[in-house]
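Commentary on secondary and tertiary structure
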Amino acid sequence: MLNRQQAPDFKQVSTINFIHPEKKVLDNSVPVFTIYSGEQDLVRIEFVFENVNWTLEKPLQAIAVSTLINNGTNKLSAKEIAEQIDFYGAFFQTEYAQDQSSVTLYTLNKHLHSVLPIVKDVLSESQFPQHELDIYIQNQKQKLQVNLKKNDVLSRKEFAHALFGDTAYGVNIKAEHYDALKREDLIEYFKAAYAPNNCTIIVSGKFDTTSFKLLNDTFGKDWEKSNAVKNSFNFTATAKQFVYTEKPEALQSAIRIGQLAINRTHEDFSGLQILNAVLGGYFGSRLMNNIREDKGYTYGIGSGISSLQQAGYLFIATEVGADVCSAALTEIYKEIDILKNELIGEEELDLVRNYMLGSMLGSLENVFSHADKFKNIYFAGLDYNYYTKYIEKVKTITAEELLALANKYLTTDHFTEVVIGKK
Amino acid sequence: MVDFNRFTLANGLKVLVHEDATTPMAVLNILYDVGARDEDPEKTGFAHLFEHLMFGGSVNIPNYDEPLQRVGGENNAFTSNDITNYYITLPAENIETAFWLESDRMLGLAFSEKSLDTQRNVVSEEFKQRYLNQPYGDVWLKLRPLAYKKHSYRWATIGKELSHIENATMDDVKAFFKKHYTPQNAILVVGGNVKTEEVKKLAEKWFEPIPAGDKYNRDLVQEEPQTEARTETVKANVPLNAIYMSFKMPGRLNQDYYSFDLLSDILSRGQSSRLYNSLLKEQKLFSDINAYISSSLDPGLFIVEGKLVEGVTTETAEKAIWAELEKLKAELVSETELTKVKNKVESVLVFSEMSLLDKAMNLAYYELLGDAALLNQETESFIKVKAEDIKRISNETFQSNSSSTLYYLTEENA
């Protein structure tokens, strides 16, 4: 007779294999890291550029260049670039993040030789035509207007600005910043940042020596170097601050609270990730259990720690019914206090260990995810030893260590507390 | 190519297995053939509320999430107008835990009052977060009842109104479970580092003892052909005027589905598309413009939506959309343009095979369509589409007397 009350036996994840990249260098010294897999006939090539030459006078330079880079070269118009990339079924994506800007090509192997020259043209000869910039400014300002109606977006902007001030991490973008964009500034930034000596190439997928030769023939020459200065910021812990924007018509309030913390390079980072999981880092976390599953105040609540190159921060974020906003804040602080005053029980800690190991294993689903794991450590100046230590820490951390971490890093009297909506 | 093996248990549960030895993980995906279209018009939002209750404990297992997290697994679910889909990913060596959990909640729920109370609140907050407290968030709550008058697609999965969720009772929950959550109304897909023989043993052990239940025979009121242009104007606290136009199109199983999908790509996939280049870049009428299909099982909608540049009138903007649609009715698309959208679809299908979960979900969905093997014929079906097909369906579809248009205006403009 089947006993359905008895859980089946299970094993904790024992080994997690990381695919390490092979490093090669183009003729112009651009490093190329390749994570190979022959499973599918496709490849992803990422061109990663450090953000450079930050100036508060032109806060949108890097962002606008990232979006407009494929809007025209000496040879091709914006439409022609898009048509050719699309014709080969390829995907050309640009991404701007706090530390880096990247251009990513996804293509089937059979079309690689056709699309690489287009990407080269874009990365070395982009022109930023004035009429494309005008359309961009108009449409981005409209998008901004819509976004400023979203409490969640407002809470992110206010939180970042409270922590990071007028730096690339925290600047509060307004419509007038778009109006101030000049074509010359985009060209200047493009030449400074999108240069071979500021580029790292990360390849994942089916990519053999012939493909590498193609890449080298295309990108290893005829690409001008630059003298750019990588962005550098210093942050100091802030005192307790409250940001409250009242929205009388709000049905829900967006809450975002937290403080500066450490990044991936700090020895406490793995431990803090485990503490974060317990607090609000997964579906079964304490915040979810209390504020969603017990009280029903929200559709979702979570916490996170974010590792940037020159800072780290931790945050708790949710959108809650406007009438229960204060009650939700009280419960959030209560959960933090418990972590600072009571040891986490062995049963819960075991669950979190197993969950995190399974989650790490599952996050290595394909060759792209292996490349992402490599980027996390490489751009933080770390090696695969980081993951070995992380896994060891997840398996062995004690409740006492977590209690100490909670008292060291969850210092709520330094928290920034942002509420948009009603309290 | 997504390979699979298939068998059916004595109680009618269909099981598909996709073996993929390149991953240490496994996926267990279960699709229930029930969606918002199966709801009572007076109790809408129920399929989705029910999805939440499926996590509130089952007859033998008081907590669903915790034992799964303990073995390194994760789960989630979604509800659409057509289906409800649940999935688990976990280390393959712990796959039996997924069978244990998933079979117990098919066998029976705990039906806890506390869970119903909480999830009524959680879903109400979801309703506010996604539909009411967002600019343009309620568009589908308005557009659906404009485009559908008889069919149950006239309400969104979240439901017509908050009160339907707030008033849900335990009796409703029990009746819904009995009617829809039976083995013969479900499709189970197991994928990843598993073997078919092992899956078969586990399926027989955990799922086969579940009673077959009564067969649910769907008999939905179908929409009558639309013969008049419908419009509605909404005024709200939004910064920009917007237009949402919808046209009737056939359901997912119609052979023209592939032509419609490509038609929407021609109009709006990426920066080489027609609407983007003509209406956004050249004429500068819209700051945002999109066309897409609802991909529903019963006859669906072809949508064109956009946000207007400040100062552009809705008449001008709408006329410009129509001009693009008329062009499709009058002229054949070029072979180059057609090849372009076909190549893009081919790529998307190859890239989608990078994700084990996507493969498992797709197998379940295509099995619901009639045969999981259809998944592997998708590229071929798209390649068969001709320029004449695009022109023909454009003429059949883009008629003002079968259109439903929602003008979503700023308060100053209304």
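Procedures and definitions
Residues numbered from 1 in each chain as written. Chains lettered and ligands numbered in written order. Predicted model: local features only at pLDDT ≥ 70, side-chain atom pairs only at ≥ 80, totals over all residues. Helix = DSSP H or I, 4+ residues; strand = E, 2+ residues; numbered from the N terminus. Rg over C-alpha atoms; globule rule 2.2 N^0.38 Å. Buried ≥ 20, exposed ≤ 12 C-beta atoms within 10 Å, placed from the backbone. Contact = placed C-beta atoms within 7 Å. UniProt positions renumbered as here; feature names shortened; annotations may be inferred. Nonpolar A, V, L, I, M, F, W, Y, C, P; charged D, E, K, R; others polar. Domains from an automatic or database assignment. Pairing = 2+ DSSP bridges. Axes fitted to C-alpha atoms, helices over the stretch in contact; angles between N-to-C directions.

**A short note on the overall build of chain A**
Helix and strand counts for chain A stand at 15 helices and eleven strands. Over its C-alpha atoms chain A spans a radius of gyration of 24 Å, differing by no more than 12% from the 22 Å that the globule rule assigns to 423 residues. Principal-axis analysis of the C-alpha atoms places the extent of chain A at approximately 65 × 55 × 45 Å. Counting only residues that meet the buried cut, chain A has 43% of its 423 residues in that class. Considering only intrachain contacts with a sequence separation of at least 6, the fraction spanning at least 24 residues in chain A is 82%.

**Here's the deal with the overall build of chain B**
When its secondary structure is counted, chain B shows 15 helices and eleven strands. For chain B, the spread of C-alpha atoms along the three principal axes comes to 65 × 50 × 35 Å. Here chain B, with 414 residues, has 49% of them falling under the buried criterion. Pairs at least 24 apart in sequence give 80% of the contacts found in chain B among residues at least 6 apart.

**Considering helix H1 (residues 46–53) of chain B**
An α-helix turns once per 3.6 residues; consequently, residues spaced three or four apart project the same way. In terms of burial, H1(B) is largely enclosed, as eight of its eight residues are buried. For H1(B), the set of buried residues is Phe46(B), Ala47(B), His48(B), Leu49(B), Phe50(B), Glu51(B), His52(B) and Leu53(B).

**Focus on the UniProt feature "domain: Peptidase M16 C-terminal" (unreviewed entry) in chain B**
Mapped onto the present numbering, the UniProt feature "domain: Peptidase M16 C-terminal" (unreviewed entry) falls on residues 168–344 of chain B. End C-alpha atoms of residues 168–344 of chain B are separated by 44 Å, and the span's content is 40% helix alongside 22% strand.

**Examining the interface of chain A and chain B**
When the parts come together, some accessible area is lost, and that loss is often what is quoted as the size of the interface. With 57 residues of chain A at the contact, the number on the chain B side is 59 residues. Among the elements of the structure, helix H2 (78–87), strand S5 (100–108), helix H4 (130–147), helix H10 (286–294), strand S9 (298–307), strand S10 (312–321) and helix H12 (346–362) of chain A are those that each provide at least two residues to the side of chain A that touches chain B. The biggest single contributor to the side of chain A that touches chain B is H12(A), with eight residues. Considered class by class, the residues forming the side of chain A that touches chain B number 25 nonpolar, 18 polar and 14 charged.

**Brief notes about the domain arrangement of chain A**
All names here are of chain A. For chain A, the assigned domains read domain 1 (22–220) and domain 2 (241–421). Using C-alpha coordinates to define each centre, domain 1 is positioned 30 Å away from domain 2. Each side of the interface is counted separately: domain 1 has 19 residues, and domain 2 has 27 residues. Mapped by element, the contributors of at least two residues to the side of domain 1 that touches domain 2 are strand S2 (31–36), helix H5 (151–164) and strand S6 (199–205). Top element by residues in the side of domain 1 that touches domain 2 is H5. It accounts for nine residues. Residues belonging to the side of domain 1 that touches domain 2 are distributed by class as follows: eight nonpolar, six polar and five charged.

**Focus: the environment of Lys386(B)**
Residue and element names in this part refer to chain B. Summarising the element assignment, Lys386 is placed in the loop between helix H14 (378–383) and helix H15 (387–397). Under the C-beta neighbour-count criterion, Lys386 is labelled partly exposed, with 13 such atoms within 10 Å. It is 43 Å that separates the C-alpha atoms of Lys386 and Gln129, two residues lying 257 residues apart in sequence.

**Considering the sheet that holds strand S7 (residues 230–236) of chain B**
Residues and elements named next belong to chain B. Spatially, S7-S11-S8-S10-S9 is the arrangement adopted by the five strands of the open sheet, whose pairing is mixed. Every interior strand has two partners, whereas the edge strands, S7 and strand S9 (286–293), have only one. Pairs of neighbouring strands in the sheet enclose a mean axial angle of 10 degrees, with direction left out of account. In this structure, S7 lies alongside strand S11 (residues 403–410), joined through seven bridges in parallel fashion. Bridge pairing links Thr233 to Tyr407 in S11. With respect to the sheet, helix H9 (residues 257–268) is in contact with strand S8 (242–249), S9 and strand S10 (300–308), its orientation differing from that of S9 by roughly 170 degrees.

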